[in-house]
Amino acid sequence: MKSKEVVDALTMKRAITRITYEIIERHQGIENVVLIGIKTRGIFIAQRIAQRLKELENIEVPVGELDITLYRDDKKQELEEAELHDSNIPVSLEGKEVILIDDVLFTGRTIRAALDAIMDFGRPKRIGLAVLVDRGHRELPVRADFVGKNIPTSTKEEIIVEMQELDGRDRIVIKTEG
C-alpha cells in the first residue's frame, strides 16, 4: 500500500478551528450545546473543539463519548467478538443542541448508528454533525453540518486520520493499493 499525507498538523488545527467558529456562528450562544465524540478519534476532535470554544467564548461545553459498537448494522458478524466500550454522556441530552463529532464521514452508517445510540440517552432539541473529513461515497442520506476538509477519494482508497493523543502526531493520510 502506498500512502500520501494530504493534511499536516497545522492544516488539521486550522480545520478544527474553522469548525469551532462555524459552531459559534450557527448557535447564537453555545450554552445549550453538547459535543458528543464518536469513539475513538471523534472524542479527541470533540475535546479540541471544546477547548477552542473555552478559549474563544469562555464557556465550558460538555463533551461526551459515544460507543456505537452495538448499533452497527454493517458489522453483525464482528459484534460477537467486538470489544465493548462504555459511552460516557456527562449531562442530560433532553432539549440540548447536540453536535455529533467524527473523524471521517464515508458511507453514513456510523452516523446512523450514532443517531440510534443518542436516542437511548434522551431526546435532544436538535442534532448536528461535525466531521474532520468528508470523503464522499454515501450509502445513506447523511450530510455533515460542519466539515473540516472535503477530500474526494475513490472507493479503493482509505483515509487514515492520525491524532497526537493516540498516534503521536496529527495528520491525514490517503492509502492506496499498489
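Computed from a prediction, not measured in an experiment: that's the story for all the values here.

Cut-off values and rules
Residues numbered from 1 in each chain as written. Predicted model: local features only at pLDDT ≥ 70, side-chain atom pairs only at ≥ 80, totals over all residues. Heavy atoms only, no water. Pairing = 2+ DSSP bridges. Helix = DSSP H or I, 4+ residues; strand = E, 2+ residues; numbered from the N terminus. Axes fitted to C-alpha atoms, helices over the stretch in contact; angles between N-to-C directions. Contact = heavy atoms within 4.5 Å. UniProt positions renumbered as here; feature names shortened; annotations may be inferred. Expected span 1.5 Å × (residues − 1). Buried < 20%, exposed > 50% of the residue type's maximum accessible area, 1.4 Å probe, protein only.

S.K.: What exactly am I supposed to notice about the sheet that holds strand 5 (residues 126-134) here?
M.R.: Strands pair in a sheet through their backbones, by hydrogen bonds, and they do so in one of two ways: parallel or antiparallel. What the 5 strands build is an open sheet, ordered 3-2-4-5-6; its pairing is parallel. At either margin of the open sheet sits one strand with a lone partner, and together these are strand 3 (63-66) and strand 6 (146-150). Averaged over all pairs of adjacent strands, the angle between strand axes in this sheet comes to 25°, irrespective of strand direction. Direction of pairing for strand 5 relative to strand 6: parallel, over a ladder of 4 bridges. Bridging across to strand 6, valine 131 finds its partner in valine 147. Sheet contacts for helix 1 (residues 9-26): strand 4 (97-105), strand 5 and strand 6; angle to strand 6, the most-contacted strand, approximately 155°. Of the strands in this sheet, strand 2 (33-38), strand 3, strand 4 and strand 5 touch helix 2 (residues 41-57), which is tilted by about 150° from strand 2.

S.K.: Please clarify how the UniProt feature "short sequence motif: PRPP-binding" (unreviewed entry) in the protein should be interpreted in this entry.
M.R.: Here the UniProt-annotated "short sequence motif: PRPP-binding" (unreviewed entry) positions come out as residues 98-110. Counting secondary structure, residues 98-110 comes out at 15% helix and 62% strand; the distance between its end C-alpha atoms is 16 Å.

S.K.: Looking at this structure, how should I read helix 2?
M.R.: Helical geometry: 3.6 residues make up each α-helical turn, so side chains three or four residues apart lie on a common side. For helix 2, built from 17 residues, the straight-helix expectation of 24 Å at 1.5 Å per residue is met to within 8% by its first-to-last C-alpha distance of 24 Å. Along helix 2, the residues that are buried comprise Gly42, Ile43, Phe44, Ile45, Ala46, Arg48, Ile49, Ala50 and Leu53. Each element contacted by the buried residues of helix 2 is listed here: helix 1, strand 2, strand 3, strand 4, strand 5 and helix 5 (164-167). Once helix 2 ends, the next one or two residues include asparagine 58, with phi positive near 55°.

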